[in-house]
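Report on the structure
Okay, here's what each chain looks like letter by letter:
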Amino acid sequence: MLPLPRYCQKPKVPPIKSQGIKTRLVPLILSSIQWDGKGWWVEPFLGSGAVLFNIQPDKARIADTNRHVIEVYRSIQTGVLSSASLRESLEQEGKKLAAQGEDYYYEVRERFNDSGNPFDFIFLNRASFNGVIRFNSKGKFNVPFCKKVDRFRPAYITKVCNQVDWVARTLQGKEWMFVVQDWRETLASTTSGDFVYLDPPYIGRHTDYFSHWNDAEADELAVAIKDLTCGFAYSMWKKNKYRENEHLSKHFSQYPCVTYHHYYHVGATEHLRNAMEEALIISPNFFAIEDGRSGT
Ligand SMILES: C[S@@+](CC[C@H](N)C(=O)[O-])C[C@H]1O[C@@H](n2cnc3c(N)ncnc32)[C@H](O)[C@@H]1O
């Protein structure tokens, strides 16, 4: 019997925006995996948390090397960051941004780079250019201002606060542990009843994450997940109009794989969208074969 809903038609968006967000992938994950839910849901690369918060397992071990995303969710878990406290903060900060303009954005960015305050992280995540999360080699957030001084209008604040409220309600009664750690440590703690969803930074593509990612690390991860004693689903890009990702054929040609299309916006206009075929690789014993689909 499945503990997870088999389908989630309208996945919700969490309060953190990120360039690799997988909200739209949730229905495909749910309809492609089979897991009895007795162990832990494990997510070594949490990012925005879109997959976790829509899948809503009872027990989860969640990690990322970006301590700021983990801190936001830990703060919601302890109640320090709530819909009410965030509203107060965004109303105050939004007024200052409207009055002082972009100088104020850079003042908050500097303050955040000293203190790591999760309220400031949400402010910056929502007022930065394209909602990108990017840090320099010294670990300092370095995304420029989105140039909208009236960013924090009442309706926008309400939208973000509702997202925090949804996360806070979802967290209730759940045994979820958020930790800042490298994927190697997270995988080392898995046992046979668990299920791991992996969405690492994409190799061969420009990535702007808290940690760097290269081919050697991607190869190491591929070998490690094939050695897992539990089930897994692994997200990776498959091809675009220029080339195919050799990492998949090198490591996973024998594995079940479902594919879908995603559009990445690389500019302001419609024709600057890049179509990408993405893959979800699933460990064979956990693949739900439905609707005539089969493994590759
Ligand atoms: C593609 S994003 C995950 C996106 C997420 N699935 C979502 O829907 O938002 C990859 C994440 O991996 C994290 N990361 C990068 N290197 C890591 C490492 N060595 N160990 C753990 N997490 C890492 C990044 O900080 C980033 O949050």
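A brief look at the structure comes next. None of the values given here were measured: they were computed from a predicted structure.

This brings us to the environment of Phe119. Following the sequence through the fold, Phe119 ends up in helix α6 (residues 118-127). Looking at Phe119, the relative accessible area reads 16%, which means it is buried. Once the C-alpha coordinates of Phe119 and Glu93 are considered, the two residues, 26 residues apart in sequence, prove to be 9.9 Å apart. Once you skip the residues sitting within four places of it in the chain, Phe119 turns out to touch Val80, Leu81, Ser85, Leu86 and Ser89.

The subject of this paragraph is the site of the ligand. The ligand sits among 23 residues. The nearest are Lys22, Ser48, Asp64, Asp182 and Asp199. Between the ligand and Ser48, the relevant distance is 2.6 Å, taken from an oxygen atom to a side-chain nitrogen or oxygen of the residue. Between the ligand and the protein, one listed contact pairs a nitrogen atom with a side-chain N or O atom of Asp182 at 2.9 Å. Relative to its unbound accessible surface of 600 Å², the ligand loses 97% to contact with the protein. Here the residues of the shell around the ligand are counted per class, giving 10 nonpolar, eight polar and five charged.

The next point concerns the nonpolar core. Counting 89 residues, the largest nonpolar core has Trp41, Phe178 and Phe232 as the members making the most contacts within it. Among the elements that take part in this core, helix α7 (residues 154-171) stands out by supplying eight residues, more than any other. For this core, the two domains that each supply at least three residues are domain 1 (23-65 + 181-286) and domain 2 (79-167). When sequence neighbours within four positions are dropped, the list of residues in contact with Phe232 reads Phe195, Val196, Leu198, Ile225, Phe252, Tyr255, Ile281, Ile282 and Ser283.

Alternating positions in strand β4 (residues 195-198) separate into two faces, Phe195 and Tyr197 on one and Val196 and Leu198 on the other, with burial throughout. Of the strand pairs in this sheet, strand β1 (residues 41-43) and β4 are connected by two bridges, and their pairing is parallel. Note on β4: the bridge partner recorded for Val42 is Val196. Across four bridges, β4 lies against strand β5 (residues 231-240) in parallel orientation. By the bridge assignment, Phe195 is partnered in β5 with Gly231.

In contact at an axis separation of 9 Å, helix α4 (residues 83-100) and α7 are set at 155 degrees when each is read in the N-to-C sense. Viewed along their axes, α4 and α7 adopt a mutual orientation that is roughly antiparallel. For the pair α4 and α7, the crossing hand works out as right-handed. Contact residues: Ser83, Leu86, Arg87, Leu90 and Glu91 in α4; Ile157, Thr158, Val160, Cys161, Val164 and Asp165 in α7. Considered class by class, the residues forming the contact of α4 with α7 number six nonpolar, two polar and three charged.

With that settled, consider the environment of Gln77. Mapping Gln77 onto the fold places it in helix α3 (residues 67-78). For Gln77, a relative accessible area of 37% puts it in the partly exposed group. Dropping the residues within four chain positions of it, Gln77 is found in contact with Leu171, Trp176 and Phe178.

The rules we used
Residues numbered from 1 in each chain as written. Predicted model: local features only at pLDDT ≥ 70, side-chain atom pairs only at ≥ 80, totals over all residues. Heavy atoms only, no water. Helix = DSSP H or I, 4+ residues; strand = E, 2+ residues; numbered from the N terminus. Buried < 20%, exposed > 50% of the residue type's maximum accessible area, 1.4 Å probe, protein only. Contact = heavy atoms within 4.5 Å. Near = heavy atom within 4 Å. Polar contact = N/O pair within 3.5 Å; in protein donor to acceptor, adjacent residues only side chain to side chain. Areas by Shrake-Rupley, 256 points an atom, 1.4 Å probe, with all protein chains shown as cover. Nonpolar A, V, L, I, M, F, W, Y, C, P; charged D, E, K, R; others polar. Core = buried A, V, L, I, M, F, W, Y, C linked by side-chain atoms within 4.5 Å. Domains from an automatic or database assignment. Pairing = 2+ DSSP bridges. Axes fitted to C-alpha atoms, helices over the stretch in contact; angles between N-to-C directions. Parallel < 35°, antiparallel > 145°, perpendicular 65-115°, else oblique. Left-handed = near helix turned anticlockwise from the far one by under 90°.

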